[in-house]
Amino acid sequence: MHKPRICKILKVENEAENIKTVYFKDRMISSRIIPGQFIMVWIPGVDEIPMGVSHIGLNSELAITVEAVGEATERLCSLKEGDFIGVRGPYGRGFSPPGLSNLIIGGGTGMAPLMPLIEHCVREKVKVNVLLGGGSLSKTPFIKKLKNILNTQLECFKVTTEDGSYGCKGLVTDLLDEVLLKNSFERVYACGPELMLKKIYEYSLERRLPLEVSLERYIKCGIGICGSCYIGPYRICVEGPVFKINELEKIRNILGEWTRDSSGRLIPLK
Ligand SMILES: Cc1cc2nc3c(=O)[nH]c(=O)nc-3n(C[C@H](O)[C@H](O)[C@H](O)COP(=O)(O)OP(=O)(O)OC[C@H]3O[C@@H](n4cnc5c(N)ncnc54)[C@H](O)[C@@H]3O)c2cc1C
Ligand code: FES
């Protein structure tokens, strides 16, 4: 599980502007992973970085959905079918299994680790409501895929874009009242920019919603030994990346305020 395994890239799909979905096979990951866990991806000659898994398919097929934001992710996005990556994992704690009715909230590529959870809900025929937020239509991943996946089992699928180019104009958190006043949910799951998660956390706390969020911090070892991913008392790579609402209480003052860079220095979040 901890030794990197070399995998051939099977397919690369354009997901949105600067965002690609990369397909590969790995039996170790596919046989153990639960939605929300992450893997370490080695990009030859560049770096090893943490990635959520955005698809868990049949015959060991897996996918990651990558936004090009720096050297490693740009190189990963430039790889083609037949190129190679190294993978190890799965790591961390994933989401709890879905209940009978579920609300899933994603912001941009934050929707990536939520996608296998949605696939799971559809397979188990439990209710799934999805809210997806992005900057604009061209920069928001998964719209088409979600429309296809949810076609048969659509409770509600709503998209917001900040520029109004698709769905409702605004932020995904603007939809919380509308959706939550009409429905009650056994589970609420969220992943995306930390300011969005903070808003959802405060909202859920007031209304006692059964929230779970996936957080990001700088990850180096991925296995709990280097200490670079600490947030309050938690290591993101072992105790996270998924946290339940009661666990967030201990990091309430950090959430949406501070992160750490590669040298462990605290830096304010914008
Ligand atoms: C658990 C987890 C799951 C993630 N899942 C996804 C995903 O599904 N899709 C996706 O596009 N991105 C995901 N990320 C973020 C991704 O790991 C970073 O964008 C990537 O490491 C940036 O590397 P870079 O060299 O391209 O950019 P850099 O120029 O090195 O950095 C750009 C930004 O990414 C952050 N970053 C850089 N290296 C790391 C690292 N080792 N760990 C965490 N953050 C880092 C930096 O702090 C900076 O904010 C995830 C991160 C974590 C912690
Ligand atoms: S990344 Fe090393 S302890 Fe979490």
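Calculation criteria
- Along each chain, the written sequence defines residue order, and numbers are assigned to residues from 1.
- In the order they appear in the text, chains get letters beginning with A and ligands get numbers beginning with 1.
- The predicted nature of this model means local features are confined to residues of pLDDT at least 70 and side-chain atom pairs, given and counted, to a pLDDT of 80 or more, with totals for whole chains, interfaces and linings taken over all residues.
- To get the side-chain values, all heavy atoms of the structure are used, and hydrogens and water are removed first.
- UniProt positions are given in the numbering used here, feature names are shortened, and annotations may be inferred rather than shown by experiment.
- Whether two aromatic rings pair depends on their centres lying within 6.5 Å, for rings of Phe, Tyr and Trp, where Trp uses its six-membered ring; planes under 30 degrees apart make the pair stacked, over 60 edge-to-face, and the rest tilted.
- Comment: the charge-over-ring label is applied if NZ (Lys) or CZ (Arg) is within 6 Å of the ring centre and within 35 degrees of the ring normal.
- A pairing counts as a salt bridge when a side-chain nitrogen of Lys or Arg comes within 4 Å of a carboxyl oxygen of Asp or Glu.
- Helix numbers and strand numbers start at the N terminus; a helix is a DSSP run of H or I with at least 4 residues, a strand a run of E with at least 2.
- The buried label applies to any residue whose accessible area, calculated with a 1.4 Å probe on protein chains only, is under 20% of its type's maximum; exposed applies above 50%, and partly exposed to all values in between.
- Neighbouring residues are identified by heavy atoms, a residue being near a molecule or strand if any of them is within 4 Å of it.
- Each polar contact in these results corresponds to two N or O atoms within 3.5 Å; when the atoms are within protein, one needs to be able to donate a hydrogen and the other to accept it, and residues that are neighboring in sequence are counted only if both atoms are side-chain atoms.
- For the accessible areas, the method is Shrake-Rupley and the probe is 1.4 Å, while residue cover comes only from the protein chains on display.
- All residues other than Ala, Val, Leu, Ile, Met, Phe, Trp, Tyr, Cys, Pro, Asp, Glu, Lys and Arg, Gly among them, are scored as polar; the first ten of these are nonpolar and the last four charged.

- By the naming in an unreviewed UniProt entry, the protein goes by Probable dihydroorotate dehydrogenase B (NAD(+)), electron transfer subunit and is assigned to Odinarchaeota yellowstonii.
- Word for word, the UniProt comment on the protein under Pathway (unreviewed entry) is "Pyrimidine metabolism; UMP biosynthesis via de novo pathway; orotate from (S)-dihydroorotate (NAD(+) route): step 1/1."

**Concerning the packing of aromatic side chains**
What characterises a pair of aromatic rings is the spacing of the ring centres plus the angle enclosed by the ring planes.
Link 1 in the chain: All chains considered together, the criterion is met by three aromatic pairs.
Link 2 in the chain: The residue whose ring lies beneath Lys11 is Tyr23, and the NZ or CZ to ring-centre distance is 4.3 Å.
Link 3 in the chain: A cation sits over an aromatic face here: Arg207 above Tyr203, 3.6 Å from the ring centre.

**Remarks on the pattern of salt bridges**
Link 1 in the chain: What the rule picks out here adds up to 14 salt bridges.
Link 2 in the chain: One salt bridge in this structure joins Glu257 and Lys198, with 4.0 Å as the shortest N-O distance. A residue pair is termed long-range when its members are at least 10 positions apart, and Glu257 in the loop between helix 7 (245–248) and strand 18 (258–260) and Lys198 in helix 6 (residues 194–207) qualify at 59 residues.
Link 3 in the chain: Residue classification places Glu257 among the partly exposed positions, given a relative accessible area of 36%.

**Looking at the site of ligand 1**
Link 1 in the chain: Residues in contact with ligand 1 amount to 18 residues; listed here are only the nearest, Pro50, Thr65, Glu67, Thr73 and Ile219.
Link 2 in the chain: In this structure, a nitrogen atom belonging to ligand 1 sits 2.9 Å away from a main-chain N or O atom of Gly52.
Link 3 in the chain: Tyr218 is positioned such that a nitrogen or oxygen atom in its side chain is 3.5 Å from a nitrogen atom of ligand 1.
Link 4 in the chain: For ligand 1, the protein covers 76% of the area, taking 860 Å² as the surface of the free molecule.
Link 5 in the chain: In terms of residues, the shell around ligand 1 owes the most to one element, strand 5 (residues 47–52), which gives four residues.
Link 6 in the chain: For the shell around ligand 1, a count of residues per class yields ten nonpolar, four polar and four charged.

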